[in-house]
Amino acid sequence: MDEQRGSGVGPPERWRQAGPPRWWRYGPPGWSRRAAGRGDGTRWPWPSTVLFTAFVLIGSGFADHAQAGERVALDPLGRVLLFLSGAVLLWRWRHPVAVLWGTVAAVLLYLGAGYPYGPVLLSVAVAGFAAVVSGRRYAAWAAMGTLWAGHLLTVHVLYRWLPPSGDDAAPWTEEIVVATWVVALLAVSELARVRREQWARERAERARAERRRADEERLRIARELHDVLAHSISVINVQAGVGLALLDSDPEQARTALTTIKAKSKEALGEVRQVLDTLRAPGAAPRAPAPGLDRLPELVEQAASAGLTVTVEGGPPRLSPGADLAAFRIVQEALTNVVRHSGSREARVHIERRDGRLRLLVDDDGPATGADAGGTGNGLAGMRERAAALGGTIEAGTRPDGGFRVLADLPIDTEEDDR
């Protein structure tokens, strides 16, 4: 059994790259690009970092005026702490844990120094979100817990020794608000992390599906090219031998052999062109219908031109195009191998419908010649792939009397009989 699987056979490269536009890959626009930038270390979140830092600095300035006399006025040290808590966010995707702990430290120093409350906690929120989404969830929980514990210690224990002087302990309702804020931030971050992982799984599954479809298409085209070429070339090979043998003794018979070679080569070129057209124009309808068992008489005629007498028993039922093509190619491959590898010049094809299944039986009386017809020995594998794709089976082997038998059992996916 022969199979020709050329390495160059397969869908064009543009098919393998097909899919949704670059700006949408199972997630919000731009998300995949940002994720890719975080992974390869070439993109920096400059715009968002500048925006966060400016918001923290400007918002804290307004808070300073609103809390004048209640908290310590902003001085250069306070502004430096605000700037640092925002500036370190530039590294939040590269070193999320270090950035989160750095912002927590800066914010605790800021609050411990008695500076006014304001949007300074935004830096911790952004850093915590980045850490959770990056997968450092336990480090993020620890850092946020440290922030809440540090704030609790500052406003209920150390406030006596920390500025501003004469300050009282904060009400416990304030701690409930802070704890709620921390929990809500972690919950939103976890939700974003789960959604991001889901998008990643969907992208990976889509990529696997695309590769699987490309592989299936490559194998389908390889099988089609083999089945188209193997039979025709076998006939051409036999007729070329006949022509060479009779060229001097019987020129008229040699002319007949050459005419058969010309016809078979033209037919093979037409079928190969039809297969290749599907590569050049994806989605276009084929120029000719796919062959089926209705072309079995033609196949018998071609086998006869190669010196093989084929007897057909039974008639084909109505099949779907896919099942009809598979059945035709299986019979074609079986007869081709009788021509190539069997010493028998007779073969029998039996077609039977039984229990909603199609049974194809191809027999020859052998014996095997052992001749090398130039194949690769994988034709049986191709026949099995065709049958398996439809949910059927192929059995092939030597009979006790020395002949060879191919038995195909295929499900009949018939069209409705009453249309």
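Refer to the structure presented above.
Quick caveat, the model's predicted, so the values are computed rather than measured.

Describing the overall build of the protein
The number of helices and strands found in the protein is 12 helices and five strands. A fraction of 76% describes how many contacts in the protein between residues 6 or more apart in sequence connect residues 24 or more apart.

Re a nonpolar patch on the surface
A surface patch of nonpolar side chains, amounting to about 440 Å² of accessible area, comprises Trp-44, Trp-46, Val-50 and Trp-91. Within the fold, Val-50 resides in helix α3 (residues 46–66). Val-50 gets classed as exposed once you look at its relative accessible area, which sits at 51%.

Some points on the nonpolar core
By size, the foremost hydrophobic cluster in this structure holds 33 residues, and its most contacted members are Leu-308, Val-331, Leu-335, Leu-358 and Leu-360. Listing elements by their share of this core, those giving two or more residues are α10 (296–305), α11 (321–341), β2 (346–354), β3 (357–364), α12 (379–389) and β5 (404–411). With nine residues, α11 is the largest single contributor of residues to this core. Judged by nonpolar contacts, the second largest core, of 26 residues, contains Leu-82, Leu-100, Val-132 and Ala-140.

Description of the environment of His-95
Within the secondary structure, His-95 sits in the loop between α4 (76–87) and α5 (96–112). The spacing of His-95 and Ser-134 is 39 residues in sequence and 9.6 Å in space, taken between C-alpha atoms.

So, the sheet that holds β2
Taken in spatial order, the five strands line up as β1-β2-β3-β5-β4 in an open sheet, and their pairing is mixed. Edge strands, defined here as strands with exactly one partner in the open sheet, are β1 (309–313) and β4 (393–398). The mean inter-strand angle of the sheet, taken between neighbouring strand axes irrespective of direction, is 10 degrees. As defined by bridge partners, β3 adjoins β5 across eight bridges and the pair is classed as antiparallel. Residue Arg-357 lies in a different strand from β5, and its bridge partner there is Pro-411. Sheet strands touched by α11: β1, β2, β3, β4 and β5. Its angle to β3, the strand with the most contacts, is close to 10 degrees.

So, the pairing of β2
Both β1 and β2 contribute to a ladder of five bridges, which runs parallel. Considered in β2, the bridge of Val-312 is made with Val-349. For the segment spanning β1, α11 and β2, crossover handedness is left-handed. In terms of strand pairing, β2 meets β3 through eight bridges, oriented antiparallel. Along β3, the bridge assignment pairs Arg-354 with Arg-357. Counting the residues that bridge the hairpin from β2 to β3 gives two residues, and of these Asp-355 lies at a positive phi of roughly 55 degrees.

So, the pattern of salt bridges
Inspection of the entire model under this criterion finds 15 salt bridges. Residues Arg-348 and Asp-365 are paired through a salt bridge, measuring 3.1 Å at the closest nitrogen-oxygen approach. Note that Arg-348 is positioned in strand β2 and Asp-365 in the loop between β3 and α12, a separation of 17 residues in sequence. Residue Asp-365 is classed as partly exposed on the basis of its relative accessible area of 36%. Across the pair Asp-401 and Arg-399 runs a salt bridge whose closest N-O atoms are separated by 2.8 Å.

Describing helix α6 (residues 121–133)
An α-helical turn contains 3.6 residues, so any two residues separated by three or four positions project in the same direction. For α6, which comprises 13 residues, the first-to-last C-alpha distance of 18 Å matches the rise-based estimate of 18 Å (1.5 Å per residue) to within 8%. Burial of α6 is extensive: 10 of the 13 residues sit out of reach of the surface. Looking only at α6, the buried set comprises Ser-123, Val-124, Ala-125, Val-126, Ala-127, Gly-128, Ala-130, Ala-131, Val-132 and Val-133. Phi turns positive, to about 100 degrees, at Gly-135, one or two residues after α6.

Describing the packing of aromatic side chains
Counted under the stated rule, the structure contains three aromatic pairs. Residues Tyr-110 and Tyr-115 carry aromatic rings whose centres are separated by 5.2 Å and whose planes lie at 35 degrees to one another, so their mutual orientation is tilted. The class of Tyr-110 is buried, set by a relative accessible area of 1%. Residue Tyr-115 is classed as buried on the basis of its relative accessible area of 3%. Judged by centre distance (5.3 Å) and plane angle (90 degrees), the rings of Tyr-138 and Trp-141 are edge-to-face. Here Trp-141 and Tyr-138 lie together in helix α7 (residues 137–156), a separation of three residues that amounts to about one turn. Here the guanidinium or amino end of Arg-94 rests over the ring plane of Trp-44, the centre of that ring lying 3.7 Å away. Of note, Arg-137 hangs over the ring of Tyr-138, and the distance from its end group to the ring centre comes to 5.7 Å.

Rules used throughout
Residue numbers here run from 1 along each chain, matching the order of that chain's written sequence. The predicted nature of this model means local features are confined to residues of pLDDT at least 70 and side-chain atom pairs, given and counted, to a pLDDT of 80 or more, with totals for whole chains, interfaces and linings taken over all residues. Excluding hydrogens and water, the side-chain figures rest on all heavy atoms present in the structure. The helix and strand labels rest on DSSP assignments: H or I over at least four residues marks a helix, E over at least two residues marks a strand, and numbering proceeds from the N terminus. Should any heavy atoms of two residues lie within 4.5 Å, those residues are counted as being in contact. Patch membership requires over 30% relative accessible area and the absence of a salt bridge. Like charges are linked within 9 Å, and nonpolar side chains (Val, Leu, Ile, Met, Phe, Trp, Tyr) within 5 Å. Here the open area of atoms and residues is found with the Shrake-Rupley method and a 1.4 Å probe, where only the protein chains shown may cover a residue. Any Lys or Arg side-chain nitrogen found within 4 Å of a carboxyl oxygen on Asp or Glu counts as a salt bridge. Burial classes: relative accessible area under 20% of the type maximum marks a residue as buried, over 50% as exposed, and values in between as partly exposed (1.4 Å probe, protein chains only). We define the nonpolar core as a collection of buried residues of types Ala, Val, Leu, Ile, Met, Phe, Trp, Tyr and Cys that are connected through side-chain atoms lying within 4.5 Å of one another. Only when DSSP finds a minimum of two bridges between them are two strands counted as paired. Here an axis means a line fitted to C-alpha atoms, over the contact stretch when the element is a helix, while the angle between two N-to-C directions is reported on a 0 to 180 degree scale. When the strands point away from the viewer, a crossover counts as right-handed if the path from the first strand over the helix to the second runs clockwise. An expected span of 1.5 Å times one less than the residue number is assigned to each helix. Any pair of Phe, Tyr and Trp rings, taking the six-membered ring for Trp, is counted once the centres come within 6.5 Å. Such a pair is stacked with planes under 30 degrees apart, edge-to-face with planes over 60 apart, and tilted for the rest. The criterion is that NZ of a Lys, or CZ of an Arg, lies within 6 Å of the ring centre and within 35 degrees of the ring normal, and then a charge sits over that ring.

Function cannot be inferred from these measures alone, as they are strictly geometric.
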